[in-house]
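Here's the letter readout for the chains.
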Amino acid sequence: STKKFFEVTTDFKTPVYGEVERRDLAEDEVLVKVESAPINPSDQYMRFGVYGLPTLFPPTPIGVGFEGAGTIVEAHESLGDSLIGKKVAFAQDPHSKSFQGTWRQYLILHKLQVIPIPDDADLDKFSSSFVNPVTVIGFIDVATKAGHKAIVHDAACSSLGKMLVKYCKKLDYPLINVVRREEQVKTLKDLGAEHVLNSSLETFENDLKELTHKLEATGFFDAIAGDTTGLILNNMPRKSTAYVYGALSGKAVSYSPGGFIFLENTISSFWLGPYLRSITEEERAKHIGTIIHDLSTGGAIFGSDVVQTFPLAEFEAAITAANEKASEGKTILKPHD
């Protein structure tokens, strides 16, 4: 029945898989059968309350999961029947009152919150059509508007990093990728990356300094934080900016006052919610259109490799598996398996 179904919720200590009863649809709302929901790093932070601004979230227990794909199975009478059976992708913002999370069997959404996708779409592929792809487009949008002629990206062998390599190649925009292992250098070069540096090598800082100055790379998108932020910034041209968008190190950003004062470097941030609010509706629609077009024609840029799927009830095992295979591709939860 679609009246009662299963979902994952969290009180920021222990995530729980449990049954819930849904409310009736309101005007302009649809009921979506969630068929694929990816595991993103942000979902993992979210379940322990270290993502976003929990004081602004709806009260706990709160749902988990920011994006997914599925099929519309019911629509409010105000919408008629034309949407029923349509395949859609969707995303959720935990700061909105309507947030339910996507790690659940069914989801109530406003008609404007669903992105129509082709009838023959592979839902596992389209379930990751929002968080990483819009972030990648956002990086380059922010960088070009700020006048950066080239950028640096760390943790570059992630799903997002691979996407960024392919997107920058398409735009012919110079990108310096920073990874930790030699096999990751090969992986990115095989994808067409021109500049890949291994931070484990003794020559790393010299190589980085030489390359950032040659390419005039003054933007740095940082997924790691900790000491990495300062290490990379200090080997970039003067007046460079680090945009911190993750914290894989689990540590606070550290940077010397001299770097701020004498090198005139700055540390800023990138977060999808505020970025999307900062651009126009036309720009948002263009971004989504670019992504859906790519995914509908093979996903050469924004497609993620799906490495494994798990039933929703096994979400804990799925998270562990997702962490182990993060650089290989996406782990997808299947709420109806």
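Preceding this paragraph is the structure being described.
How each quantity is defined
- Residues numbered from 1 in each chain as written.
- Predicted model: local features only at pLDDT ≥ 70, side-chain atom pairs only at ≥ 80, totals over all residues.
- Heavy atoms only, no water.
- Helix = DSSP H or I, 4+ residues; strand = E, 2+ residues; numbered from the N terminus.
- Rg over C-alpha atoms; globule rule 2.2 N^0.38 Å.
- Buried < 20%, exposed > 50% of the residue type's maximum accessible area, 1.4 Å probe, protein only.
- Contact = heavy atoms within 4.5 Å.
- Areas by Shrake-Rupley, 256 points an atom, 1.4 Å probe, with all protein chains shown as cover.
- Lys, Arg positive; Asp, Glu negative; His and termini not counted.
- Charge placed at Lys NZ, Arg CZ, Asp CG, Glu CD.
- Salt bridge = Lys/Arg side-chain N within 4 Å of Asp/Glu carboxyl O.
- Core = buried A, V, L, I, M, F, W, Y, C linked by side-chain atoms within 4.5 Å.
- Pairing = 2+ DSSP bridges.
- Axes fitted to C-alpha atoms, helices over the stretch in contact; angles between N-to-C directions.
- Parallel < 35°, antiparallel > 145°, perpendicular 65-115°, else oblique.
- Left-handed = near helix turned anticlockwise from the far one by under 90°.
- Nonpolar A, V, L, I, M, F, W, Y, C, P; charged D, E, K, R; others polar.
- Phe/Tyr/Trp six-rings, centres within 6.5 Å; stacked < 30°, edge-to-face > 60°.
- 1 Å grid on protein atoms, 1.4 Å probe; cavity = no way out; pocket = protein on both sides within 12 Å on 5 of 7 lines; lining within 4 Å.
- Points joined across faces, edges and corners; volume = space filled by probe spheres on them.
- Patch = residues over 30% accessible without salt bridge, like charges linked within 9 Å, V, L, I, M, F, W, Y side chains within 5 Å.

Draft legend 1. Representation of the overall build of the protein chain in the model. When you go through the protein chain residue by residue, the secondary structure sums to 11 helices and 16 strands. Taken against the 2.2 N^0.38 rule, which gives 20 Å for 337 residues, the C-alpha radius of gyration of the protein chain at 21 Å falls within 12% of a compact globule. Principal-axis analysis of the C-alpha atoms gives the protein chain an extent of 60 × 40 × 35 Å. Each of the 337 residues in the protein chain was classed as buried or not, and the buried ones make up 52%. If you take every contact in the protein chain between residues at least 6 apart in sequence, the share linking residues at least 24 apart comes to 67%. By element, 53% of the accessible surface of the protein chain is carried by carbon and sulfur atoms, the whole surface being about 15600 Å². In the protein chain, which carries 34 positive and 44 negative side-chain charges, the distance between the mean positions of the two groups comes to 2 Å.

Draft legend 2. Main features of the pattern of salt bridges. For the coordinates displayed, the defined rule picks out 16 salt bridges. Measuring nitrogen to oxygen at the nearest pair gives 2.7 Å for the salt bridge that ties D124 to K334. One end of the pair, D124, is in helix 2 (residues 123–126); the other, K334, is in strand 16 (residues 330–334), and 210 residues separate them in sequence. In this structure, E281 and R284 form a salt bridge, with 3.5 Å as the shortest nitrogen-oxygen distance.

Draft legend 3. Spotlight on the nonpolar core. Within the largest apolar cluster, 44 residues are counted, with the highest numbers of intra-cluster contacts made by F130, I151, L164, L188 and F302. When residues no more than four places from it in sequence are discounted, the contact partners of F130 are E67, A91, I115, T135, L272, L276 and I288. Formed by 24 residues, the second largest nonpolar core is a distinct cluster that contains I72, F315, I319 and A321.

Draft legend 4. Representation of the sheet that holds strand 13 (residues 241–244) within the structure. If you trace the six strands from one edge of the open sheet to the other, you get 11-10-9-12-13-14, paired in parallel fashion. Only two strands of the sheet have a single neighbouring strand rather than two, namely strand 11 (195–198) and strand 14 (266–269). Sheet twist, expressed as the average angle between the axes of neighbouring strands with direction ignored, equals 25°. Along the sheet, helix 5 (residues 182–190) contacts strand 10 (175–179) and strand 11; its crossing angle with strand 11, the most-contacted strand, is approximately 175°.

Draft legend 5. Layout of the pairing of strand 5 (residues 67–75). For strand 5, the tally of buried residues reaches seven of nine residues, placing the bulk of the element in the interior. The pairing of strand 3 (residues 29–38) with strand 5 spans six bridges and is antiparallel. Bridge assignment links V32 to a residue of strand 5, and that residue is I72. By the bridge criterion, five bridges tie strand 5 to strand 6 (residues 87–91) in an arrangement that is antiparallel. Looking at strand 6, one finds that G68 is bridged to F90.

Draft legend 6. Spatial organisation of the packing of helix 3 (residues 131–145) against helix 10 (residues 281–296). The contact between helix 3 and helix 10 brings their axes to 10 Å, and the two run at 130°. Relative to helix 10, the element helix 3 lies oblique. Taken as a pair, helix 3 and helix 10 cross one another with a handedness that is right-handed. In contact with P133, V134, I137, D141 and K145 of helix 3, helix 10 contributes E283, H287, I288, T290 and I291. Here the contact of helix 3 with helix 10 is built from residues that sort into five nonpolar, two polar and three charged.

Draft legend 7. Looking closely at the packing of aromatic side chains. Under the counting rule described, the total for this entry stands at 15 aromatic pairs. Consider the rings of F139 and F221, whose centres lie 4.2 Å apart with planes at 25°: the pair is stacked. Remark: F221 occurs in strand 12 (residues 217–222) and F139 occurs in helix 3; sequence separation between them is 82 residues. Like F139, the residue F221 is buried in the burial classification. The rings of F139, F221, Y243, Y245, F270 and Y275 are connected pair by pair, giving a single aromatic cluster.

Draft legend 8. The arrangement of the layout of surface pockets in detail. Its boundaries defined by the atoms lining it, the second largest pocket holds a volume of some 320 Å³. For the lining of the second largest pocket, the secondary structure elements donating two or more residues are strand 1 (4–10), strand 2 (15–21), strand 3, strand 4 (62–63) and strand 7 (106–110). Top element by residues in the lining of the second largest pocket is strand 7. It accounts for five residues. Grouping the constituent residues of the lining of the second largest pocket by class yields 12 nonpolar, six polar and six charged.

Draft legend 9. Focus on a nonpolar patch on the surface. Residues F260, I261 and F262 make up a contiguous nonpolar surface patch of about 350 Å² in total accessible area. For I261, the location among the structural elements is in helix 8 (residues 257–261).

Draft legend 10. View of the sheet that holds strand 1. If you walk across this open sheet you meet the three strands as 2-1-4, and the pairing is antiparallel. Here the strands that pair on one side only, and so sit at the sheet edges, are strand 2 and strand 4. Taken together, the two bridges between strand 1 and strand 4 define a ladder with antiparallel strand orientation. For T10, the partnering residue across the bridge sits in strand 4 and is I62.

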